[in-house]
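# Analysis of the macromolecular model
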Amino acid sequence: MKKLLILLSFWVSAITAVAEHTKGGWMYYTYLGPGNAPNTAVYRITLKIYTKCILDNPAQYCPTVVLSIFSGANNLLLERNVVGEPDSINFHNCPDKECHECISPLPAPICYKITTYEYEKQLPITPYGYTIAYQRCCRISGIVNLKPPTFILGDTWTVNIPGNAVSPLCPINSSARFRQNDTAIICKDNYFTFDFGAVDPNNDSLSYQFTPSFDGTPDGVTGGSCANEFALPPPYNSVAYVDPFTGSEPLGRSVHIDPRTGIVSGVAPPISGVYAVTVTVTEYIRGTTIKRGEVRKSLHIEVADCVSTKALLEPGYINCKDFTMQFQNLTSANTILYYDWDFGDPASGSNNTSKLQFPTHTYSGPGDYILKLVVNKGLSCSDSTTAIVKVYPVFAPDFSSTALCAHVPVQFTDLTTTTYGMVNYWSWNFGDFNAIPGNDTASIPNPVHQYSAANTYDIHLIVANNKGCRDTVLKTVLVNEDPGLTITHDTLMCISDTLQLNAGGSGTFVWTPNYNISNTTINNPLVSPVVTTTYKVALTGLPGCTVTDSVKVNVVNHVTQFKDYDTVICRTDAITLHVSGNALHYQWQPANGSLNNTHIQKPVATPLATTAYTVTGSIGKCSAVNSVYVTVIPYPAANAGGNQTVCLGNSIQLHASGGSTYSWSPAAFLNDRFSANPVVQHPTASVKYVLSVTDTLGCPKAARDTILLTVANIKADAGPADTAVVLGQPLQLNATGSTNYAWSPAQWLSNAAVSNPVALPQNDILYSVRVSNAAGCFDTDTIHVHVFTLDAGIYLPNAFTPNGDGVNDYFRPILIGMQSLSSFAVYNRLGQLVYNNTDTKTGWDGMFGGKPQDSGTYVWFAEGIDYKNHKVKKKGYVVLIR
């Protein structure tokens, strides 16, 4: 394969930015002809990468790149190709001040390097084609419209070679390629234009749009070096934009792209800096809607802190309402000092010119005028422009329609009036979302359209005349399916009755046939047929909108009615009573409150005693009577006994009554779940048992009762196993475990039958507590009390040996007769605090700052509150021995 690589760099005047890696680029392909194998094609793939000319780091320049080829069918990687050894040419684009004398201040020039890589490849022609991709890290720092940090963001360049699934012309295509017009100077808050236009070798139709920029490969994910920096499979993620910027509005809402030319224009953002912009050009086979490919170009556009002197008008102005127009320059640079307007209307005399920034001019008559604006006339930085002004009032669009009724052709009529010229353009959109695409529009003055469904529709008419006037009129209309016709449902009547039919709606009614009917032209006639008859009504509302409906009157000479069998229910249960037949109305007896409704065919009955229900079914004067007998039997009197308690490890017997068969649930711990009196054997946890009872008295359902069996697991706790007091110090005992407590011996206790007696022991003593509940379950625990014949205080040893042998390793206070220890500190001989803690279980281990302290004498200080609420302070010496 032949490889051709070109390197091009050029200078652009813009603000200075620091480059990390990339500043933009794009990829395209050229169809070179069929391959040397059947059903193959040869393509040249071209990649252009933008970087800074003088790189901050030589590693940012890639002498080789890796182009990845993915299947268009499933995005799987097919192969990777290394392309390298580009050449370089320098190109300078007008850095001198005279090129930009009307831009102030002149931005400092920056050089961009465009590296071109090319590679030829033979590929099989497939239905879905290929995606060619190259990814790289990283972008430049400080991109204004992207979320920071932007230097960690990469970029992705792709191009799609289409398959032949849509058209055999798609694979034999060369993609569009952008013209290299990247040298425009853009000043913040100033109007500008920037050319993203492209050319297509196949003369395809091109369409342009802003699209989100892609992120690239994070640095290090695929190797970090040029040779290893290859693309991951599509689809690709977009970068995150800073509000109010988006992928479709990368330069803000005031900047737009012309979808036909690729020209970007508008007022630049108010913040200077670098902006990431991506434009996608889509190509279609000319004269068709067949899409043949896309090419994306990403570029870092620099907006400078400058202003430009420019005269800019709209491409054209038209006024079809009156003769008065207001104008303004579309740029507002502070370098513009003077405005000179010529309205092209000599007949207006001295009013034909103005020096105002925002002039208003009333034209002397209809016609085409040439408007001219000169800014800074006579100065070195001057500019001028012209525009055509069309003044042709009055142009008033309007239309009318015949009656709007679904399924009926509607005639639309253009009522537009124009004082000058003639109407020569119509574009109708009937807003019919139910129509076949293309059938809901028209381009003639007075079209006809038929709606298939009733609904509200928005009808748009765009009209224009040969003078350039153009306007739109919108009307929201209601299309009725019919004039709101409603009619009585099919019904029954007794042969000797008269029945009133009812139809609703707005318009004229006509009933057929004229058979035993009181009036054929009213909405609610009386009928008295002697045979089954179908009456049809036609309702005519708006002109041409007539709808019909019918009602069938079945004539009978008796009521047919059948009842359900008599039944048995359990007391308090409900049952639905059933009768069948052709009756229209029902009356149930007795009306004693046991029925939820006495006038329906299938009421719900809840009798508390055996009841005979009678139902009369009627059709007018015809009727029939039936009865249903409901026998009520009481539920069994299920009794599972009261809730019980059993000690852990014991068994207990349950006792049930009230029926002939019994079932307990769950079966856990039961010796026989179907016995009336089962034994619960050694349960280990509390259980809620549900008892189901049936009897032989006639109620087929079971009655239920519930019992809770609580397993009592008594755990007596008398407090700590050992404790100490000084002589005369009260000791508050606290036992837990159940509800009943008995202490022994009772000597020196305030109350031996409570959980928390107060003890005032005179000597060492062992107290025992028996904890029990009402069921007799119990447990015991003990506490040993040692009585010191010392004063209440804080006691400490005079030496300790922190050598880790488990004996005397810690120096800690011993509290006797004390409520609390508020301070305990140890100091070395230099007065340095080496230990400070009030936890009597911890103590000092001879360490300070993670290091063992030397043998020697240390001073300690302790303070606390004794049981009489007296403050106790003590200090002393301790010898650390190693």
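Residues numbered from 1 in each chain as written. Predicted model: local features only at pLDDT ≥ 70, side-chain atom pairs only at ≥ 80, totals over all residues. Heavy atoms only, no water.

Of regular secondary structure, the protein chain possesses zero helices and 73 strands. A globule of 882 residues ought to have a C-alpha radius of gyration of about 29 Å, yet the protein chain, at 50 Å, is considerably larger. Along the three orthogonal principal directions, the C-alpha set of the protein chain runs to about 130 × 120 × 75 Å. Within the protein chain, buried positions represent 43% of all 882 residues. In the protein chain, once contacts between residues fewer than 6 apart in sequence are set aside, the share between residues at least 24 apart is 63%. (Helix = DSSP H or I, 4+ residues; strand = E, 2+ residues; numbered from the N terminus. Rg over C-alpha atoms; globule rule 2.2 N^0.38 Å. Buried < 20%, exposed > 50% of the residue type's maximum accessible area, 1.4 Å probe, protein only. Contact = heavy atoms within 4.5 Å.)

Moving on, we come to the sheet that holds strand S41 (residues 508-512). Sheet architecture is open: four strands sit in the order S38-S44-S43-S41, paired in mixed fashion. For this open sheet the edge positions go to strand S38 (491-494) and S41, each flanked by a neighbour on one side alone. For this sheet, the mean angle separating the axes of adjacent strands, direction not counted, is 30 degrees. Bridging between strand S43 (residues 533-540) and strand S44 (residues 546-556) involves eight bridges; their strand directions are antiparallel. In the sheet register, Thr-534 faces S44, and the bridge partner there is Lys-552. (Pairing = 2+ DSSP bridges. Axes fitted to C-alpha atoms, helices over the stretch in contact; angles between N-to-C directions.)

Take the state of the cysteines next. A complete count under the given rule lists five disulfides for this structure. Here Cys-187 engages in a disulfide with Cys-306; their sulfurs sit 2.1 Å apart. Its S-S torsion of approximately -95 degrees makes the covalent link between Cys-187 and Cys-306 left-handed. Here Cys-187 is found in strand S12 (residues 186-187), whereas its partner Cys-306 is found in the loop between strand S19 (291-304) and strand S20 (307-308), with 119 residues between them in sequence. Taken as a pair, Cys-187 and Cys-306 share a single burial class, namely buried. Each disulfide pairs two cysteine sulfurs, and for Cys-570 the partner residue is Cys-699, the sulfurs being separated by 1.9 Å. Negative torsions about the S-S bond denote left-handed disulfides, and the value of about 110 degrees found for Cys-570 with Cys-699 makes this one right-handed. Linking Cys-570 in strand S46 (residues 567-570) with Cys-699 in the loop between strand S57 (687-694) and strand S58 (703-712), this pair joins segments that are 129 residues apart in sequence. Relative accessible area serves as the criterion here: at 3%, Cys-699 is assigned to the buried category. (Disulfide = S-S within 2.5 Å.)

Evaluation of the coordinates by the stated rule reveals 26 aromatic pairs. Residues Trp-26 and Phe-178 carry aromatic rings whose centres are separated by 5.4 Å and whose planes lie at 85 degrees to one another, so their mutual orientation is edge-to-face. Of this pair, Trp-26 sits in strand S2 (residues 24-34) while Phe-178 sits in strand S11 (residues 177-178); the two residues are 152 residues apart in sequence, bridging distant segments of the chain. Of the two residues examined, Trp-26 and Phe-178, each falls in the buried class. (Phe/Tyr/Trp six-rings, centres within 6.5 Å; stacked < 30°, edge-to-face > 60°.)

Turning to the environment of Pro-162, a few remarks are in order. Inspection of the secondary structure assignment puts Pro-162 in the loop between strand S10 (154-161) and S11. Its relative accessible area of 17% is what places Pro-162 among the buried residues. C-alpha of Pro-162 to C-alpha of Cys-381: the two residues are 219 residues apart in sequence and 50 Å apart in space. Other than its neighbours up to four places away in sequence, Pro-162 contacts Tyr-29, Gly-129, Cys-170, Pro-171 and Arg-292.

Let us now look at the pairing of strand S73 (residues 871-880). For strand S66 (residues 799-800) and S73, the ladder comprises two bridges, and the chain directions are parallel. In the sheet register, Phe-800 faces S73, and the bridge partner there is Leu-880. Where strand S72 (residues 856-866) lies against S73, 10 bridges are found, and the strand directions are antiparallel. In the strand pairing of S73, Thr-857 is matched with Val-879. Joining the antiparallel neighbours S72 and S73 is a turn of four residues, in which Asn-869 adopts a positive phi near 70 degrees.

Quick look at unusual backbone geometry now. Note that the residue after Pro-148, namely Pro-149, is joined by a cis bond; omega there is -10 degrees. Turning to its location among the elements, Pro-149 is positioned in the loop between strand S9 (130-137) and S10. For the bond from Asp-243 to Pro-244, the omega torsion is 15 degrees, close enough to zero to count as cis. Among the structural elements, Pro-244 can be located in the loop between strand S15 (205-210) and strand S16 (255-257). Despite not being glycine, Asn-39 shows a phi value in the positive range, around 55 degrees. Following the sequence through the fold, Asn-39 ends up in the loop between S2 and strand S3 (40-52). Residue Asn-869 is not a glycine yet carries a positive backbone phi of 70 degrees. Turning to its location among the elements, Asn-869 is positioned in the loop between S72 and S73.

Glancing now at the pattern of salt bridges. In the structure shown here, the tally under the stated rule is 16 salt bridges. One salt bridge connects Asp-305 with Lys-188, and the closest N-O pair in it is separated by 3.3 Å. One end of the pair, Asp-305, is in the loop between S19 and S20; the other, Lys-188, is in the loop between S12 and strand S13 (191-195), with 117 residues separating them in the sequence. (Salt bridge = Lys/Arg side-chain N within 4 Å of Asp/Glu carboxyl O.)

What follows concerns the confidence of the model for the protein chain. Put simply, the protein chain has an average pLDDT of 88, and 92% of its residues get 70 or more. In the predicted structure, residues 1-19 sits below a pLDDT of 50 and forms 97 contacts with residues beyond four places in sequence or in another chain. Contacts from residues 219-223, a stretch scored under 50 in pLDDT, to residues over four places away or in other chains number nine contacts. (pLDDT = per-residue confidence, 0-100.)

Formed by 57 residues in total, the largest nonpolar core has its most connected members in Met-27, Leu-47, Leu-67, Tyr-134 and Phe-196. Apart from residues lying up to four places away in sequence, Met-27 is in contact with Ile-45, Thr-46, Leu-47, Leu-67, Ile-132, Ala-133, Tyr-134, Trp-157, Thr-158, Val-159, Val-295 and Arg-296. Listed in part, the 22 residues of the second largest apolar core include Phe-395, Phe-399, Ala-406 and Phe-430. (Core = buried A, V, L, I, M, F, W, Y, C linked by side-chain atoms within 4.5 Å.)

A few words on a nonpolar patch on the surface. Taken together, Tyr-827, Leu-833, Val-859 and Tyr-877 make up a surface patch of nonpolar side chains, about 370 Å² in accessible area. Assignment of secondary structure puts Tyr-827 in strand S68 (residues 818-827). (Patch = residues over 30% accessible without salt bridge, like charges linked within 9 Å, V, L, I, M, F, W, Y side chains within 5 Å. Areas by Shrake-Rupley, 256 points an atom, 1.4 Å probe, with all protein chains shown as cover.)

The strand order across the open sheet built from three strands is S13-S17-S16, with neighbouring strands paired in antiparallel fashion. On the outer flanks of this sheet lie S13 and S16, each paired with one strand and no other. Neighbour-to-neighbour, the strand axes of this sheet turn through a mean angle of 15 degrees, independent of strand direction. Sheet topology note: the S16/strand S17 (residues 263-267) ladder contains three bridges and is antiparallel. Looking at S17, one finds that Val-255 is bridged to Gly-266.

Moving on: the side chain of Ser-68. Among the secondary structure elements, Ser-68 is positioned in strand S4 (residues 64-71). A residue is classified by how much of its surface remains accessible, and Ser-68, at 0% relative accessible area, is buried. Beyond its immediate sequence surroundings of up to four residues, Ser-68 is in contact with Leu-77, Glu-79, Arg-80, Thr-131, Ile-132, Ala-133, Phe-230 and Ala-231.

This part is about the side chain of Asn-145. Note that Asn-145 resides in the loop between S9 and S10. Judged by relative accessible area, which is 0%, Asn-145 ranks as buried. Within the structure, the side chain of Asn-145 is placed 3.0 Å from the backbone oxygen of Ala-276, a separation counted as a polar contact. (Polar contact = N/O pair within 3.5 Å; in protein donor to acceptor, adjacent residues only side chain to side chain.)

Here we come to the environment of Leu-584. Within the secondary structure, Leu-584 sits in the loop between strand S48 (579-581) and strand S49 (585-589). Sequence-wise, Leu-584 and Ile-600 are 16 residues apart; in three dimensions their C-alpha atoms are separated by 9.4 Å.

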